[in-house]
Amino acid sequence: MSNNSENGDGDLAAEMPPLLEAWDCNKVERRTAADGSSVWNCRQPGCNKEFKGLNSTKVLAHWLGTKGKSIAKCKGTIDLLDLRRYKQLHNSKEVTKIDKVKKDTQMAMEIQDTQAEVVASLTGHPPDYSTPNSIVLPTRRRKSPTDGMPIISLLGNGPVGFASAASASTITMSPPLSAAKKPRIFGQPKIFSGAPNPQAEKAMDVAIADLIHSRGDSFSLSNCPKFVRVLNCAKMIPSTYKPPGRNEIGGQYLDELYENTMVKTKTALRTDSELCGLSVFGDGATMKNSPLVNVLGAGVNCPSGVLDIIDCTGHCEKGA
Ligand SMILES: [Zn+2]
């Protein structure tokens, strides 16, 4: 059976409070499967299908048959009143999403304006609001075999591009999502032909300083080799690049970097260890009230390698 269609009767929906989340509906059941994983079951009459994970957006997409959410449409019979509430919830989530984009854009504009004004104050030039988002090539263009190849450098003296004769100097990451609504951002592209561009360099300086100040990072971060590496990588990526999200950074990238570092550390410690021996040492540290013990190893090829960081919270709780 397919879902009932909405009959447009608004009185029914008025009787029920709106859903704040799909989980608030009694037609879905969250539970833990035998293997310990989280699953949910659709309890619409005639469905009872089970799905892995706990994603409320998918629950709603299942009921509403939303395309592109990687979930099958519910084949049960959905009550008209429920269907109306699901649509209301979906709409309110869409509004929230749009509000967030608006807020993010507003914040991006404020950051850009503030930094442009600081640059102007430092250089004595009028504020150049377009500098941080200047692009060399139009965003809409025919694809060429060089798409994705580095074409421009971030600052005036960066690597010469491959795709264009102009070793231009200004580029940024993709502009904020709805930045297009503010026309001045996408003004005439600026090409500096490799000439030094003090405004662009100062804009970069201010952007770095502002980032460090607002996140409370160490002032020396700007000279950290890993930060310099970020700047160098930024010169080589296309303007369509989007930075990884927090889940990717805390997921695949963390796992991969951890594994790589551990393998290298252990290899360095083991090399010539039979001849020269190994030392194990450590110290304690408190990070945001978490008592930690660092275990380090030292060998002839590795003066200091972190082997483990042990969280002693449980030990302290026992009072031992
Ligand atoms: Zn279902």
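Residues numbered from 1 in each chain as written. Predicted model: local features only at pLDDT ≥ 70, side-chain atom pairs only at ≥ 80, totals over all residues.

Engineer: Teacher, can you tell me more about the packing of helix 3 (residues 80-123) against helix 4 (residues 198-215) here?
Structural biologist: Describing two packed helices takes the angle between their axes plus the distance from one axis to the other. The geometry of helix 3 relative to helix 4 is characterised by a closest axis approach of 9 Å and an angle of 125° between their N-to-C directions. In terms of orientation, helix 3 and helix 4 fall into the oblique class. Along this stretch, helix 3 crosses helix 4, giving a crossing that reads as right-handed. Contacts between helix 3 and helix 4 pair Gln115, Val118, Val119, Leu122 and Thr123 from the former with Pro198, Gln199, Lys202, Ala203, Val206, Ala207 and Asp210 from the latter. Class assignment for the residues of the contact of helix 3 with helix 4 results in seven nonpolar, three polar and two charged. (Axes fitted to C-alpha atoms, helices over the stretch in contact; angles between N-to-C directions. Helix = DSSP H or I, 4+ residues; strand = E, 2+ residues; numbered from the N terminus. Parallel < 35°, antiparallel > 145°, perpendicular 65-115°, else oblique. Left-handed = near helix turned anticlockwise from the far one by under 90°. Contact = placed C-beta atoms within 7 Å. Nonpolar A, V, L, I, M, F, W, Y, C, P; charged D, E, K, R; others polar.)

Engineer: Help me out: how do you make sense of the sheet that holds strand 2 (residues 38-42) in this one?
Structural biologist: Strand pairing in a sheet relies on backbone hydrogen bonds. The paired strands run either parallel or antiparallel. Pairing within the open sheet is antiparallel, and its three strands lie in the order 1-2-3. The open sheet is flanked by strand 1 (28-32) and strand 3 (50-52), the only strands paired with a single partner. For this sheet the average axis-to-axis angle between neighbouring strands, irrespective of direction, equals 30°. Where strand 2 meets strand 3, three bridges bridge the pair, whose relative direction is antiparallel. Within strand 3, the position partnered with Asn41 by the bridge is Glu50. (Pairing = 2+ DSSP bridges.)

Engineer: Hey, could you run me through the environment of Thr123 in this one?
Structural biologist: Relative to the helices and strands, Thr123 resides in helix 3. Considered as a pair, Thr123 and Ala203 are 80 residues apart in the sequence and their alpha carbons are 10.0 Å apart. When near neighbours in sequence (up to four residues on either side) are disregarded, Thr123 contacts Pro198, Gln199 and Lys202.

Engineer: In this structure, what is going on with helix 6 (residues 246-270)? I would like to understand it.
Structural biologist: Count 3.6 residues to each turn of an α-helix, and residues three or four apart come out pointing the same way. With 25 residues, helix 6 should cover 36 Å at 1.5 Å per step; its first-to-last C-alpha distance of 34 Å lies within 8% of that length. In helix 6, a bend of some 40° at Leu254 exceeds every other bend along the element. Taken across its 25 residues, helix 6 has one buried, putting it largely on the surface. (Expected span 1.5 Å × (residues − 1). Bend = angle between axes of the 7 residues up to and from the residue. Buried ≥ 20, exposed ≤ 12 C-beta atoms within 10 Å, placed from the backbone.)

Engineer: When you look at the packing of helix 2 (residues 56-64) against helix 3 in this model, what are you seeing that I'm missing?
Structural biologist: Between helix 2 and helix 3, the shortest axis-to-axis distance is 10 Å and the interhelical angle comes to 130°. In terms of orientation, helix 2 and helix 3 fall into the oblique class. Judged by the twist between their axes, the crossing of helix 2 over helix 3 is left-handed. Where helix 2 approaches helix 3, its residues Leu60, Trp63 and Leu64 are matched on the opposing element by Tyr86, Lys87, Leu89 and His90.

Engineer: Can you help me understand the pairing of strand 4 (residues 279-287) in this one?
Structural biologist: Taken residue by residue, a regular strand's side chains alternate between the two faces of the sheet. Counting buried residues in strand 4 gives zero out of nine residues, a small share hidden from the surface. Sheet analysis places strand 4 next to strand 5 (residues 290-299), joined by nine bridges and oriented antiparallel. Looking at the pairing, Phe281 lines up with Leu296 of strand 5. Here strand 4 hands over to strand 5 after two residues, with Lys288 in that stretch at a positive phi of 50°.

Engineer: Even after reading the chapter, I still don't get the nonpolar core, so can you show me in this structure?
Structural biologist: Generally speaking, a soluble globular protein has its nonpolar side chains buried in company with each other. By size, the foremost hydrophobic cluster in this structure holds 13 residues, and its most contacted members are Ala22, Val28, Val59, Leu60, Trp63 and Cys74. Of all the elements in the fold, those that place two or more residues in this core are strand 2, helix 2 and helix 3. Examining the composition of this core, we find that four residues originate from one element, helix 2, more than from any other. Here Ala22 is in contact with Val28, Ser56, Val59, Leu60 and Leu89, once residues within four sequence places are set aside. Of all hydrophobic cores here, the second largest spans six residues; its members include Ala116, Ala200, Ala203 and Met204. (Core = buried A, V, L, I, M, F, W, Y, C linked by C-beta atoms within 7 Å.)

Engineer: For this particular structure, what's the right way to read unusual backbone geometry?
Structural biologist: Backbone geometry follows two general trends: most residues other than glycine have a negative phi, and most peptide bonds adopt the trans configuration. Backbone geometry at Asn48 places phi at a positive 60°, although glycine is not the residue there. Position of Asn48 among the secondary structure elements: in the loop between strand 2 and strand 3. Residue class for Asn48 comes out exposed when judged on the 11 C-beta atoms lying within 10 Å of it.

Engineer: For this particular structure, what's the right way to read the sheet that holds strand 5?
Structural biologist: Strand order in this open sheet of three strands is 4-5-6, and the pairing throughout is antiparallel. The sheet terminates laterally at strand 4 and strand 6 (302-311), the two strands that pair on one side only. For this sheet, the mean inter-axis angle between neighbouring strands, taken without regard to orientation, is 25°. Contacting strand 5 and strand 6, helix 6 runs over the sheet at an angle of about 130° to strand 6.

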